[in-house]
Amino acid sequence: MYRCMSSLYFLKRGRSLTNTSFSKPLSWITENKCIPAAFNCFLCHGIQLTSTSPVPHGTLKTQLRGLTPRPPIPRYMSSRAPRRRLPSAFPVLDGAFQPIHNHVFEENARNSQVCLKRYMELKKKVLNGGGVNAIAHHTQKNKKVLVRDRLRMLLDDEDYLELSPFAGFGLPYGDIPSAGCITGIGKINGLWCVFIANDATVKGGTAYPITVKKQLRAQEVSMQNRLPCVYLVDSGGAFLPLQSDIFPDKNHGGRIFYNEAVMSAVKIPQVALVCGSCTAGGAYVPTLAEEVVIVHSIGTIFLAGPPLVKAATGEEVIPEDLGGATLHSEVSGCVDHFAAVESEGYECTRNIISTLNFELPEENTTEVEEPLYSAEELMGLAPKSYNYSMDVRLIVCRLTDGSQLQEFKARYGTTLLTGFARIEGHQVGIVANNGELTYEASLKGSHFVQLCDQRDIPLIFLQNTAPQPVHTLSQAKAEMNTNRLKAQGSMMSAVACASTPKITVVIGGCHGGDSYAMCGRAFDPNFLFLWPNARVSILAPGHADALVQEERETVHINEQLKKESTAFFSSGRLWDDGVILPQDTRKVLGKCLKIIKQQEYQLSKEKPKSQLFRL
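Residues numbered from 1 in each chain as written. Predicted model: local features only at pLDDT ≥ 70, side-chain atom pairs only at ≥ 80, totals over all residues. Heavy atoms only, no water.

Participant: Teacher, can you tell me more about a nonpolar patch on the surface here?
Facilitator: There is a patch of nonpolar side chains on the surface, built from Tyr 258, Val 262 and Val 266 and spanning about 240 Å² of accessible area. Inspection of the secondary structure puts Val 262 in helix H9 (residues 254-265). Residue class for Val 262 comes out partly exposed when judged on its relative accessible area of 30%. (Patch = residues over 30% accessible without salt bridge, like charges linked within 9 Å, V, L, I, M, F, W, Y side chains within 5 Å. Areas by Shrake-Rupley, 256 points an atom, 1.4 Å probe, with all protein chains shown as cover. Salt bridge = Lys/Arg side-chain N within 4 Å of Asp/Glu carboxyl O. Helix = DSSP H or I, 4+ residues; strand = E, 2+ residues; numbered from the N terminus. Buried < 20%, exposed > 50% of the residue type's maximum accessible area, 1.4 Å probe, protein only.)

Participant: Explanation requested: the confidence of the model for the protein in the structure shown.
Facilitator: In low-pLDDT segments, the atomic positions of the prediction should not be examined closely. Across the protein, the average pLDDT comes to 86, with 84% of residues at 70 or higher. Contacts for the low-pLDDT stretch residues 1-80, under 50 throughout, to residues beyond four places or in other chains number 107 contacts. A low-confidence stretch, residues 604-615 (pLDDT under 50), is modelled with 20 contacts involving residues beyond four sequence positions or located in other chains. (pLDDT = per-residue confidence, 0-100. Contact = heavy atoms within 4.5 Å.)

Participant: Please explain the pattern of salt bridges as it appears in this structure.
Facilitator: When the charged atoms of two side chains lie near each other, side chains of opposite charge can form a pair. Counted by the stated rule, this structure contains 23 salt bridges. Across the salt bridge formed by Asp 159 and Lys 591, the nearest N and O atoms sit 2.7 Å from each other. Of the two residues, Asp 159 sits in the loop between helix H7 (147-154) and strand E3 (161-163) while Lys 591 sits in helix H22 (residues 585-597), which places them 432 residues apart along the sequence. In this structure Lys 591 comes out as buried when scored by relative accessible area, which is 10%. Overlapping salt bridges, with partners in common, bring together Lys 144, Arg 150, Asp 234 and Glu 342 in one network.

Participant: Honestly, unusual backbone geometry in this entry has me stumped. Any pointers?
Facilitator: The phi torsion of most residues other than glycine is negative, and most of the peptide bonds are trans. Here Ser 297, not a glycine, exhibits a phi torsion of approximately 75°, which is positive. Summarising the element assignment, Ser 297 is placed in the loop between strand E8 (291-295) and strand E9 (300-302). The phi torsion at Asp 456 lies on the positive side, around 55°, for a residue other than glycine. Inspection of the secondary structure puts Asp 456 in the loop between helix H17 (439-454) and strand E14 (459-463).

Participant: Looking at this structure, I do not really get the packing of H17 against helix H18 (residues 475-497). What am I missing?
Facilitator: Relative placement of two packed helices is described by the angle separating their axes and the distance separating the axes. Two elements in contact, H17 and H18, have axes separated by 8 Å at closest approach and are oriented at 15°. As summarised for this structure, H17 and H18 are arranged roughly parallel, according to the angle between their axes. Where H17 crosses over H18, the two elements pack in a sense that is left-handed. Counted together, Tyr 439, Ser 442, Leu 443, Gly 445, Ser 446, Val 449, Gln 450 and Asp 453 of H17 and Asn 483, Arg 484, Ala 487, Gln 488, Ser 490, Met 491, Ala 494, Val 495 and Cys 497 of H18 form the full contact between these two elements. When grouped by side-chain class, the residues that make up the contact of H17 with H18 number eight nonpolar, seven polar and two charged. (Axes fitted to C-alpha atoms, helices over the stretch in contact; angles between N-to-C directions. Parallel < 35°, antiparallel > 145°, perpendicular 65-115°, else oblique. Left-handed = near helix turned anticlockwise from the far one by under 90°. Nonpolar A, V, L, I, M, F, W, Y, C, P; charged D, E, K, R; others polar.)

Participant: Teacher, can you tell me more about the pairing of strand E7 (residues 270-279) here?
Facilitator: Across a regular strand the side chains alternate sides, sitting on one face of the sheet and then on the other. Within E7, nine of the 10 residues are buried, leaving the element largely enclosed by the surrounding structure. Of the pairings in the sheet, the one linking strand E6 (residues 229-235) to E7 comprises six bridges and is parallel in character. Bridge pairing links Tyr 231 to Ala 272 in E7. Each parallel crossover has a hand, and the one from E6 via H9 to E7 is right-handed. Relative to E8, E7 is paired through four bridges, and the arrangement is parallel. Counterpart to Val 271 in the pairing with E8 is Glu 291. Note: E7 against E9, three bridges, orientation parallel. (Pairing = 2+ DSSP bridges. Right-handed = clockwise from strand over helix to strand, strands pointing away.)

Participant: What exactly am I supposed to notice about the sheet that holds strand E17 (residues 527-530) here?
Facilitator: Strand pairing in a sheet takes place through backbone hydrogen bonds and is either antiparallel or parallel in direction. Taken in spatial order, the six strands make up an open sheet running E11-E12-E13-E14-E15-E17, and their pairing is mixed. Pairing within the sheet leaves two strands with one partner each, and these edge strands are strand E11 (406-407) and E17. Summarising the sheet, E14 and strand E15 (residues 502-506) pair through five bridges and their orientation is parallel. Bridging from a neighbouring strand, Leu 462 pairs with Val 505 of E15.

Participant: Could you clarify how one ought to interpret the packing of H7 against helix H14 (residues 342-353) in this entry?
Facilitator: At a minimum axis distance of 9 Å, the contact between H7 and H14 shows a crossing angle of 45°. The angle between H7 and H14 falls in the class oblique. Both H7 and H14 take part in a crossing whose hand is right-handed. Taken together, the residues of H14 that come into contact with H7 (itself represented by Arg 150, Met 153 and Leu 154) are Glu 342, Ser 343, Tyr 346, Thr 349 and Arg 350. Classifying every residue of the contact of H7 with H14 gives three nonpolar, two polar and three charged.

Next up, the structure:
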């Protein structure tokens, strides 16, 4: 205690530490049995002794003025055993159901079964890729490996986090299973890496607008979490009939190449494996990566393929001579590594990843305490609608370690639940809707979000917002709504400005302005997932009369909302990072928290400092 207090006393006083002398050499400090504690603490705060000349003797305060500040030393992750964390004995939540809730639980469970059926139907389509004929053409004629088999050869295991697998379904230009590419985060030699793998069985590997959007999102995840990125390139370039939705705008195809350059500049490693055709825009992906591997006889890189060459010049040329592995590894130098067969290419890629500047900690063998209640019961807690929502604590106690939660401001703003918990050993702050975001709830949320940001604690948002805006029926109500809007604005600012990681799970409704304060997509969470029962729209279906007066128009808009607000409509357009089953939520959150933490094992990055302000 003395060591810290003595150092902080001088630091907080703002005293000069550069200019006074000592009556004894500074070596005396290290020999004196009273001073080393304070001396060591100054070193911990980045202060260095600079003088050894004897000077007039004075008090301890005067003696320590011979110290000068030095710049902080960059911190590296140590391979030593992890430090002992602070003990926690958070209160255990009561997750038992009351008999009065049985009918709500059963109705929610029936709705969840309907959603699960749709989930399984789409998952089957995703796994089928471009269909039986396309798969046969890919494997038999082109002699290439299917994209999911490629991932099995690249990754340590199949326990990877796939992002937006249902992207591409229900679009105006037809279904594009998994948007024509598989993206996600998996381990390569123990290191979490983002992967972007083209599926050439879907539309020949050509890029549709949704394909571009999915690849950009994967790159964003890589940048936000500082994860290495691996590209498995097998692309036929842009789908030309939709070029106006792919080429000209800021977040169209060219942004992929811009991101590659920026990622390299900020030291996010990128590796490309050319395991198929890289035509037109697809050719830039490997040429902008830091290291490139190409597979002989199946990997090619060119802006215009043999058919275009023949149309332009009349010359017939085979792909291998125009842009094959031998040409680019021996003549052009566009690639760095030559692989005779595909399996060798994945082994080479894994070896490249092992050269990256990461030092991973030893595996933590400490057992994690499981929740006291079954995760399967979340199927009955996933609300069919806002009216079928039960106390959100029943959900939280099925996600956190030991079903524990240290609740924050438990008796204030009770329509919002906030508190500290652990998920698979990681400390988190929970922010969960337990009703509408009232004035008091918004102030409480602002305070808690800033508190977690000050302590560098990741935030988990469990979102189930009100289905419609609050009506203004009187002057008193108008004043109340005005105060509520100001408080919600404060919470939005706190969420937007918080630099701590944020993960959002939409467990029910994602509607209106409340969804922004609860860290919706526009507020840039590290990850955002939906439960299959979730609804995403400005109003919930059946509530159009809040904004529309005419009955016929009300009916039409309600039908449109019902169709366009489903979780699968949302995920098909990449408004989220995927639909996950309620019973898998804890596992997915635990994986995301591990992924986010990995950036600490490279050079640490200074965060902008912000002060906690109370409202």
